[in-house]
Amino acid sequence: MPDRNTQDQTSYDISIVRPRMNHDDFEIRGRDMEPARLKAIKKGLLTLHTLELMAITIYRFQITSEKSEFNRQLIAAMCNEMTHYQDFQVKLYEYGFKPNPLRWAFWIVGFTFGFGSRIFGKKAILKTGIWVESKAVDHYAELLKTIDWDEDTRKIIEKDQADEDGHISRWKTMLES
Ligand SMILES: [Fe+2]
Ligand SMILES: [Fe+2]
C-alpha cells in the first residue's frame, strides 16, 4: 500500500470509543524505512504511549463509587484512553520497538493529577481534564507535524487527537452547566 500522508483529515467519529480491529489490521512495519525516519517514529510512539498511560491513570483515580452520570462519563473517558494506550502499544511492537520501561513514572504523575483533583471535587476534576487534554492536543499536533508517519499510524494519531478534543469539549460543557 502506498505510504501517503492523510494530514488534514478531520472526519473522525469520536462517538466510537473503541474502534473495531480485525485480525488483518495488524502489520509488521518499517521494513523499508530509513533509520532516521524509524528513529523519529520510535520516539513519537514512546511519547504517545507513556502520555496515554498518564491519561488512563488520571481518569482512573478521578472516578468515585458514587452512581452518577459524571462517573459514567469518566469511565467512558478512561476506556477511550485505554484504547489509545493499546493503539500505541500495538504500533510499537509492529515496528519492533518496546515500550519505555520507565513509564511507571507517568503512572505516578497520572495518579497525582487524578487523585489530587478528586479530593477537590467535580470542578477541579473538570479543570484538570481540560488542562491535561489541551496539552495532549498540542503535543499530538506537534508530533503529527514533525514526524513522517506511515498512513495507518497517522490516522490513529489523528483519531486519538480528535478524541482528546472531544474530551475537552465534554468537560467544558459540564463545567459551564
Ligand atoms: Fe488519549
Ligand atoms: Fe483524552
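Refer to the structure presented above.
Overview of the structure. If you're wondering where the values come from, they're calculated on a predicted model, not measured in any experiment. (Residues numbered from 1 in each chain as written. Chains lettered and ligands numbered in written order. Predicted model: local features only at pLDDT ≥ 70, side-chain atom pairs only at ≥ 80, totals over all residues. Heavy atoms only, no water.)

**Considerations on the overall build of the chain**
Across its full length, the chain holds five helices and zero strands. A globule of 177 residues ought to have a C-alpha radius of gyration of about 16 Å, and the chain, at 17 Å, matches this closely. Seen along its three principal axes, the alpha-carbon backbone of the chain occupies a region of about 50 × 35 × 30 Å. Across the chain, contacts joining residues at least 24 apart in sequence account for 84% of those joining residues at least 6 apart. In the form shown here, the chain has an accessible surface area of approximately 10,400 Å², with 57% of it arising from carbon and sulfur atoms. When the 26 positive and 27 negative side-chain charges of the chain are each reduced to one mean point, those points stand 6 Å apart. (Helix = DSSP H or I, 4+ residues; strand = E, 2+ residues; numbered from the N terminus. Rg over C-alpha atoms; globule rule 2.2 N^0.38 Å. Contact = heavy atoms within 4.5 Å. Areas by Shrake-Rupley, 256 points an atom, 1.4 Å probe, with all protein chains shown as cover. Lys, Arg positive; Asp, Glu negative; His and termini not counted. Charge placed at Lys NZ, Arg CZ, Asp CG, Glu CD.)

**A closer look at the coordination of the iron ion (ligand 2)**
The coordination sphere of the iron ion (ligand 2) contains the protein donors Glu 81 (OE), Glu 133 (OE), Glu 133 (OE), Glu 164 (OE) and His 167 (ND1), at a distance range of 1.9 to 2.4 Å. Each donor residue of the iron ion (ligand 2) belongs to the same chain, with the gaps between them written as E-x51-E-x30-E-x2-H. Between the iron ion (ligand 2) and the iron ion (ligand 1) the interatomic distance amounts to 3.9 Å, and Glu 81 serves as a bridging ligand to the pair. Residue Glu 81 is located in helix 2 (residues 69–94), and its partner Glu 164 is located in helix 5 (residues 151–176); the two are separated by 83 residues in the primary sequence. (Donors = N, O, S within 2.8 Å, 3.2 Å for Na, K, Ca; no water.)

**Regarding the layout of surface pockets**
Computed from the structure, the largest pocket encloses a volume of approximately 470 Å³. Forming the boundary of the largest pocket are 21 residues, of which Arg 20, Met 21, Asp 25, Asp 152 and Ile 156 lie nearest the centre. For the lining of the largest pocket, the secondary structure elements donating two or more residues are helix 2 and helix 5. The dominant element in the lining of the largest pocket, judged by the number of residues it contributes, is helix 5, at seven residues. By residue class, the composition of the lining of the largest pocket is five nonpolar, three polar and 13 charged. (1 Å grid on protein atoms, 1.4 Å probe; cavity = no way out; pocket = protein on both sides within 12 Å on 5 of 7 lines; lining within 4 Å. Points joined across faces, edges and corners; volume = space filled by probe spheres on them. Nonpolar A, V, L, I, M, F, W, Y, C, P; charged D, E, K, R; others polar.)

**Here we look at the packing of aromatic side chains**
Taken as a whole and judged by the stated rule, the model has eight aromatic pairs. Aromatic side chains Phe 61 and Phe 111 sit 4.8 Å apart centroid to centroid with 85° between the ring planes, which places their arrangement in the edge-to-face category. Here Phe 61 is found in helix 1 (residues 35–62), whereas its partner Phe 111 is found in helix 3 (residues 104–120), with 50 residues between them in sequence. Residue class for Phe 61 comes out buried when judged on its relative accessible area of 17%. Classification of Phe 111 as partly exposed rests on a relative accessible area of 30%. Chaining the aromatic ring pairs together yields one cluster made of Phe 61, Trp 107, Phe 111 and Phe 115. (Phe/Tyr/Trp six-rings, centres within 6.5 Å; stacked < 30°, edge-to-face > 60°. Buried < 20%, exposed > 50% of the residue type's maximum accessible area, 1.4 Å probe, protein only.)

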